[in-house]
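Given next are the chains, with one letter for each unit.
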Amino acid sequence: MTRRAISTTIIPQTMTWLLSLAPISSSFFLSSISTPRPHPHPHPHTTLKPSLSLHSIFAPHKATLNHHPTISTTRRICSGTTSMESTISYISQREAVEIDEELMGPLGFSVDQLMELAGLSVATAIFEVYKPSTHSRVLAICGPGNNGGDGLVAARHLYHFGYKLSVCYPKRTPKPLYSGLVTQLESLRIPFLSVDDLPPDFSNDFDIVIDAMFGFSFHGTPRPPFDVLIQRLVVLHNHDHAHENTPVIVSLDIPSGWHVEEGDISGEGIKPDMLVSLTAPKLGSKKFSGPHHFLGGRFVPPAVADKYRLSLPPYPGTSMCVRIGKPPQVDISALRENYISPALLEEQAQADPFDQFRKWFDDAVAAGLREPNAMALSTTGKDGKPYTNYESKKASQLSENPRASLLFYWNDLNRQVRLEGPVAKVSEEESEHYFHSRPRGSQLGAIVSNQSSIVPGREYLRNKYQELEEKFSDGSLIPKPKYWGGYRLKPELFEFWQGQTSRLHDRLQYTELEIDGRRTWRIVRLAP
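Cut-off values and rules
Residues numbered from 1 in each chain as written. Predicted model: local features only at pLDDT ≥ 70, side-chain atom pairs only at ≥ 80, totals over all residues. Heavy atoms only, no water. Buried < 20%, exposed > 50% of the residue type's maximum accessible area, 1.4 Å probe, protein only. Helix = DSSP H or I, 4+ residues; strand = E, 2+ residues; numbered from the N terminus. Pairing = 2+ DSSP bridges. Axes fitted to C-alpha atoms, helices over the stretch in contact; angles between N-to-C directions. Disulfide = S-S within 2.5 Å. Right-handed = clockwise from strand over helix to strand, strands pointing away. Contact = heavy atoms within 4.5 Å. Lys, Arg positive; Asp, Glu negative; His and termini not counted. Salt bridge = Lys/Arg side-chain N within 4 Å of Asp/Glu carboxyl O. Polar contact = N/O pair within 3.5 Å; in protein donor to acceptor, adjacent residues only side chain to side chain. Parallel < 35°, antiparallel > 145°, perpendicular 65-115°, else oblique. Left-handed = near helix turned anticlockwise from the far one by under 90°. Nonpolar A, V, L, I, M, F, W, Y, C, P; charged D, E, K, R; others polar. Core = buried A, V, L, I, M, F, W, Y, C linked by side-chain atoms within 4.5 Å.

1. Some points on the pairing of strand β7 (residues 248-252)
Piece 1. Burial analysis of β7 places five of its five residues in the buried class, the great majority of the element.
Piece 2. Neither face of β7 is left uncovered, since the one carrying V248, V250 and L252 and the one carrying I249 and S251 both have all their residues buried.
Piece 3. In this sheet, β7 lies alongside strand β6 (residues 208-212) in parallel orientation, the contact comprising four bridges. Paired with I208 across the strands is V248, a residue of β7.
Piece 4. Relative to strand β8 (residues 274-278), β7 runs parallel, the two being bridged by three bridges. When the sheet's bridge partners are listed, L252 is paired in β8 with V276.

2. A few points about the sheet that holds strand β9 (residues 292-296)
Piece 1. Read across the open sheet, the seven strands follow the order β5-β4-β6-β7-β8-β9-β10; overall the sheet is mixed. Looking at the sheet topology across the chains shown, the edges are occupied by β5 (164-168) and β10 (321-323). Going from strand to strand, the sheet's axes swing by 20° on average, the running direction of each strand aside.
Piece 2. As judged from the five bridges shared by strand β4 (residues 137-142) and β6, these two strands associate in the parallel manner. Each bridged residue has a counterpart across the sheet, and for C142 the counterpart in β6 is A212.

3. Comments concerning the state of the cysteines
Piece 1. In the structure shown here, the tally under the stated rule is zero disulfides.
Piece 2. Free of any disulfide, C142 has its nearest cysteine sulfur in C168, 8.2 Å distant.
Piece 3. On the accessibility criterion, C142 (0% relative accessible area) is buried.

4. Section: the pairing of β5
Piece 1. Of all five residues that make up β5, four are buried, and the element is covered over most of its length.
Piece 2. Sheet topology places β4 next to β5; five bridges connect them, and they run parallel. By the bridge assignment for β5, R137 is matched with K164.
Piece 3. Taken together, β4, helix α3 (residues 146-160) and β5 constitute a β-α-β crossover, and its handedness is right-handed.

5. Concerning helix α5 (residues 226-236)
Each full turn of the α-helix corresponds to 3.6 residues, which orients residues three or four apart in the same direction.
Piece 1. Turning to α5, its buried residues number three or more, namely F226, L229, I230, L233, V234 and L236.
Piece 2. Contact partners of the buried residues in α5: β4, β6 and β7.

6. Points about the side chain of D211
Piece 1. As for its position among the elements, D211 is in strand β6.
Piece 2. With no salt bridge to any partner, buried D211 finds its closest opposite charge in K271, at an N-O distance of 12 Å.
Piece 3. Looking at D211, its side chain comes within polar contact range of the main-chain nitrogen of M213, at 3.5 Å.
Piece 4. Every residue in contact with D211, bar those within four places of it in the chain, is listed here: I141, N147, L233, I249, V250, S251, L252, I254, P255, S256 and I270.

7. Description of the side chain of E102
Piece 1. Relative to the helices and strands, E102 is located in helix α1 (residues 93-103).
Piece 2. When its relative accessible area of 17% is taken as the criterion, E102 is described as buried.

8. Focus: the packing of helix α2 (residues 111-129) against α3
Piece 1. Taken N-terminus to C-terminus, the directions of α2 and α3 make an angle of 55°; their axes are 7 Å apart at the nearest point. In terms of their interaxial angle, α2 and α3 are classed as oblique. Relative to α3, the crossing made by α2 is right-handed. Residues V111, M115, E116, A118, G119, L120, V122, A123 and I126 of α2 form the contact with α3, whose own contacting residues are N146, G149, D150, V153, A154, R156, H157 and L158.
Piece 2. Classifying every residue of the contact of α2 with α3 by side-chain character gives 10 nonpolar, four polar and three charged.

9. Examining the pattern of salt bridges
Piece 1. Counted by the stated rule, this structure contains 18 salt bridges.
Piece 2. Close ionic contact of E420 with R418 constitutes a salt bridge, the shortest N to O distance being 2.3 Å.
Piece 3. Across the pair R525 and D506 runs a salt bridge, and its minimum N-O distance is 2.8 Å. Within this pair, whereas R525 is found in strand β17 (residues 518-525), its partner D506 is found in strand β16 (residues 506-515), the two being separated by 19 residues in sequence.
Piece 4. With a relative accessible area of 34%, R525 lands in the partly exposed category.
Piece 5. Counted as one network, the salt bridges with shared partners bring together R418, E420, E495 and R507.

10. Here we look at the nonpolar core
Piece 1. Counting 37 residues, the largest nonpolar core has I126, L158, V167, Y169, I208, I210 and M274 as its most contacted members.
Piece 2. At the level of elements, α2, β4, α3, β5, α4 (176-187), β6, β7 and β8 are the ones that each hand at least two residues to this core.
Piece 3. Per element, the largest residue contribution to this core is six residues, and it comes from α2.
Piece 4. What I126 contacts, discounting residues up to four positions off in sequence, is L158, Y163, I208, I210, V250 and M274.
Piece 5. In this structure, L398, W410, L489 and L508 belong to the second largest nonpolar core, which totals 26 residues.

Here is the structure:
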């Protein structure tokens, strides 16, 4: 499904929605382009069409069209990309030690800097795959060295990401850096558990176990109590997942007990679900067969990469980690979300659906959701059949059947709102006004793009755009195309959907009624 942004104004007095502006002779105008986003819970009779965006909402009088869409990039702190494993460098234990020494020597890094960046990378990789809504209970088992310090830092970040942490740190390192990390966690009231305090069955108490016992500098055989802890993880978990509630294991840099270069030699070691390699993956991590392999530690300067001939994947945007292993195998039939949300109760809902929509929209804005004003538009032709963007022109459909449905979907809040009602064209004056309120680049784009028609290539559009850009470079008025205009939808039905556990979702429907000559709204609850 293609998403499209379009300006919208709501005028409460007349209960109308202005979809401004769209070409009357084709489909709705693209005023900004974003990546596709699914709408997983549409009404069963709603055909989703290109998304539109709501720009100016619920002004006490007619809203002014003074806010324009822009192309935006999503800021993500961790990037899940496709497999890059075949092109990535794997380093030996000696090289890993030398790179660390170089970073903390002539290149000026301190141990605490590298530890902070590494721990943040681990925490963000975990958040990328295992959300606190489903995997909130985390046990971090930390060893006495730098790997353990990375685990302590990761625990702090995970706490702030919304997880419930417990830490097992049986051999504390008597250095100010490590003591400070412990103090930081204690100030957050994160419990520290001794080995004896650990529950006999991790499955009953934890959703994630972080293995931060030993890193790439470890030699020899693990000594107590870490030998026992490693064995508990071995016994706890394998990839058969016989126990539905078995916690996932996340190992830092190299699974504890593995040979740094040869991996799990005996085949009887820890088998983590996620491995977060740091700086560069170690040779032993080639034996990792779990579903999630990430690279973190975004601090390798070009001089080090060149010296050691490291081929590392790029970190997009503000990402602190990147997926490098094989893409996870997904059982499509098992993909489902058990929503956890506040209840949507009739006695708490606003009497007027416009007020309820305003409240939810404000929540979406406050939550920082990307394009909370995006909506999907559904129409049908006179034969009642739904059309896709490639089979019919939107304006033709609205002419044949002047009714439509809008859907606002706010995934991070487990909410959506659906509206239905008749649609009519706005005046030429309104269309003209809004067209010239848009950025000049958007005005030129409206002329260049005969939307959804087949074009020879991107360069064709770029050349046409540059021709128009040069033509109107003197700042003269750009004429609105005759086919470009707007529509207004008057809602007659609202449905507010709130996802809940076990598919017992809340659905409140508002329909307009006339009682004693006064228009009012009736609220009913629908079965999910």
